[in-house]
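Structure at a glance
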Amino acid sequence: MTDIQRTTLDNGIVVLTLDRANSKTNLIDDAFTLEFDTVVAELKAQQDLRGVIVESAKSTFVAGGDLALLSTVTDDNANQVIALLDRFRHSLRELETLGKPVVACLNGGALGGGLELALACHHRIAVTNPKTKVGLPEVTLGLLPAAGGVSRITRMLGLEQAIQFLTEGRLHSLSSAQRLGIISQMVTTADEARAEAIAWIDTHPESVAPWDANGFRMPGGLPQSPKTAQLLSIAPAMILKKTQGCYPAANAILSCAVEGATLSMDAAGRLETRYFLPLAKGAVSKNLINTLFFAKNKLEATSRTDNAQTVTTVGVVGAGMMGAGIAWACAVKGLTVVLVDTDLAKAEQGKAYSESIVHKRLERKQLTAEQGQALLNRIQPSDSFEALRPCELVIEAVFEDRALKADVFRQIQANTSEHALLASNTSTLPISSLADSVNQPETFIGLHFFSPVDKMPLLEIIKGEATIEATVQRALAFAGQIAKTPIVVNDGRGFFTSRVFKTFTYEGMAMLAEGIPAAAIENAAWLAGYPVGPLAVSDEVTLTLMERIRRQTQADMAAENQSFVCHPGDAVIDRMLELNRVGKNSGGGFYQYPSGAKKQLWSGLAEHFGGQASFDLQTLKDRFLYIQSIEAFRALNDGIVTSKDEANVGSILGFGYPAWTGGVIQFAHQTGLANFVARAHELEQQCGERFNVSSMLIE
Ligand code: NAI
């Protein structure tokens, strides 16, 4: 026995302390479920048992199931997974029906299988901590909670709330979980939790779960009750809206919850396994787990470093949209920020962005007034470069203009220590070319944030030709400090993310040029799993900026004696600029933006681009997915991005490549490389050379 310690207290109560050997967290894996099964059987046989307390010796309660196993389910090992699930669910049911009170004491987070364990206890006491989260996030990994989680949550919350809880997979704070009834009681210390658990056992000697009590009624009624039936009739459509038809887990959860609601707990549990298995064997859950759990964690681990690397004061030059967001991202993590713009009013305007977020968080009680004020005090607006003196890192975020940036860096250097790290947030200009304007290019680096900075989790770190490894390590440490997921890439036009992102917007415009209806283009992208269509995104970016980047690229390529190849999307940009439809913030672009109403596609598009051509929906979807994947392979081939993990994670977190694919590179792997190449050839015949995949590329 290695994972569960069993102690009997003087009063006959048994305490089970979860303490997985050689691990910082408790996990539900094969060994744990075997041991748990034995422990529960012993409890059942114990005549004088008065009650059970389940605690954790770790800083959290239980982190969840063993994803290493769950991400590798195939027909060959399916029986092992079924056995594990059935065993664990059976043990939990035995615990729940012991006839003795069982209390879970949550000293920290209880996720997935960990919360399923707590739900099988009759009472759940949590130690107050604003950082503690509880939830069943399985859906976010393409799975469903199959150890009784669906059945218990449905009976506890009623179908309406349970479906929302399970299909969102959100992690809840303790107070939110208490409001839902998932947490029964809150205390301030672990000792108090133990004392309250004993007191609860004393006063509830013969506990049963509410759903095992005589006369239990499902909150809100069974599926056939008129109100619930009405809700269920629209539930599939609501789920489709969220999943875009790309994530099967939410539908499986809906079916499992509804069908299981009228069954016995045991039969409902078996149904969970039945719905779980195809999800676990399918590609989507593997893609989500491998990219958004394993690969992402691996990248984040590179930013965990010793304190010697960290910074306390950051300078941000340019307090526009990006600078304001970067200032927030630093201040919210406790860093002091000097925010410089050309005049004080602009710098203060940049700080006002943080004020508005603080205001919202105060309203939602996510911050106290003192915390909000302390955070804002850390942002010091200024119109003078001299204010940058104490900064160990300065990030430039002025207009995308090479000459202006060069001038700004000269001023930054004149006012900072030679040891300071200098960074540019440029989205397209090669870092090595900007490095020409600084004295120490070895400590110069690209730190490419994404908009809106407070919500976007990725930081693309770009090494210039002269950037040394120690500088990269400092940049990684900074990413860790501000809790962004880093990818490190080599220098090149558009680096990795802007380069691959661009192919999506351009493909959409190429379709428009072919006369494909704009609505079909936008819907095809949505149905492929993209959060926003290419025309809507182009309006956000603005066509003026796209045109400026194209001109810069043409000039740079001419200087390097390279020839610029026109894309069919270029003509669309030119036409839209002639029509003075340049984007969202300038009176509209591909869309019109009536005030107080939802945006609509601009009615003039059909007149200028046709919009009558026939199309095949799958081909439109494939064009988006393939063109980005092919460009990512090219970037990998060119040595811009150097690992498939970085390409996959960067594509999902940075520019909204559909997560179900596992990322730009994984998409080709899951399609099967031979199939991928064959389909790319077809698209090349149909749409042009940009879909060309040479065999060298795939190698
Ligand atoms: P913006 O136009 O909102 O802000 C630029 C700010 O720089 C303005 O407040 C301006 O007053 C200030 N500025 C100009 N000259 C200055 C000088 N000499 N000294 C101090 N401040 C000066 O621009 P935005 O969108 O924030 O972009 C800034 C940089 O971030 C650009 O390089 C852009 O390519 C890059 N970027 C933009 C993204 C976006 O989504 N907008 C995403 C990632 C990077």
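For every chain, the first residue of its written sequence is number 1, and the numbers climb from 1 along that sequence. Residues qualify for local features only when their pLDDT is at least 70, as the model is predicted, and side-chain atom pairs are given and counted only at 80 or more; totals for whole chains, interfaces and linings, by contrast, use all residues. Note that water and hydrogens are dropped before the side-chain values are worked out from all heavy atoms of the structure.

So, on to the domain arrangement of the protein chain. By convention here, the domain bounds are inherited from an automatic or database domain assignment. Per the domain assignment, the segments making up the protein chain are domain 1 (4–281), domain 2 (304–483) and domain 3 (498–698). If you average the C-alpha positions of domain 2 and of domain 3, the two centres end up 30 Å apart. For this analysis, residues touch if any pair of their heavy atoms sits within 4.5 Å. Across the contact, nine residues belong to domain 2 and seven residues belong to domain 3. Here domain 2 meets domain 3 over a buried area of about 760 Å², counting both sides, of which 60% is carbon and sulfur. Together, Arg402, Thr428 and Leu458 form the three largest contributors to the area buried by domain 2 at its contact with domain 3, with a combined 44%. Salt bridges are defined as contacts in which a side-chain nitrogen from Lys or Arg sits within 4 Å of a carboxyl oxygen from Asp or Glu. For the pair domain 2 and domain 3, the number of links is one salt bridge. Residue Arg402 is joined to Asp556 by a salt bridge in which the shortest nitrogen-to-oxygen separation is 3.2 Å. Polar contacts here mean pairs of N or O atoms no more than 3.5 Å apart (in protein, one a potential hydrogen donor and the other a potential acceptor; neighbouring residues in sequence count only if both atoms are side-chain atoms). At the boundary of domain 2 and domain 3, one finds two residue pairs in polar contact (both at pLDDT 80 or more). Residues are grouped as follows: Ala, Val, Leu, Ile, Met, Phe, Trp, Tyr, Cys and Pro are nonpolar; Asp, Glu, Lys and Arg are charged; all remaining types, including Gly, are polar. Of the residues in the side of domain 2 that touches domain 3, the class split is five nonpolar, three polar and one charged. Buried surface area refers to the total accessible area, computed with a probe of radius 1.4 Å, that the two partners give up upon joining, counted for both partners together.

Only DSSP runs of H or I with at least four residues qualify as helices, and only runs of E with at least two residues qualify as strands; both kinds are numbered from the N terminus onward. Its place among the elements puts Arg124 in strand S8 (residues 123–127). This buried residue, Arg124, is left without a salt bridge; Glu96 holds the nearest opposite charge, at 7.2 Å. Only protein chains enter the area calculation, which uses a 1.4 Å probe; residues under 20% of their type maximum are buried, those over 50% are exposed, and those in between are partly exposed. Charge counting follows a simple rule: Lys and Arg are positive, Asp and Glu are negative, and His as well as the terminal groups are ignored.

By the convention used here, strands pair only if DSSP detects at least 2 bridges between them. Two elements, strand S1 (residues 4–8) and strand S2 (residues 13–18), share five bridges in a ladder whose sense is antiparallel. Each residue of the ladder has a partner; that of Thr7, found in S2, is Val15.

We now examine unusual backbone geometry. Backbone torsion omega between Ser451 and Pro452 reads -5 degrees, so that peptide bond is classified as cis. With respect to the helices and strands, the residue Pro452 is situated in the loop between strand S17 (444–448) and strand S18 (458–463). In this structure, Ala483 is a non-glycine residue whose phi angle is positive, near 55 degrees. The topology assignment puts Ala483 in the loop between helix H18 (469–481) and strand S19 (485–490). One non-glycine residue, Asn580, adopts positive backbone phi at about 60 degrees. Looking at the secondary structure, you find Asn580 in the loop between helix H23 (568–578) and strand S20 (591–592).

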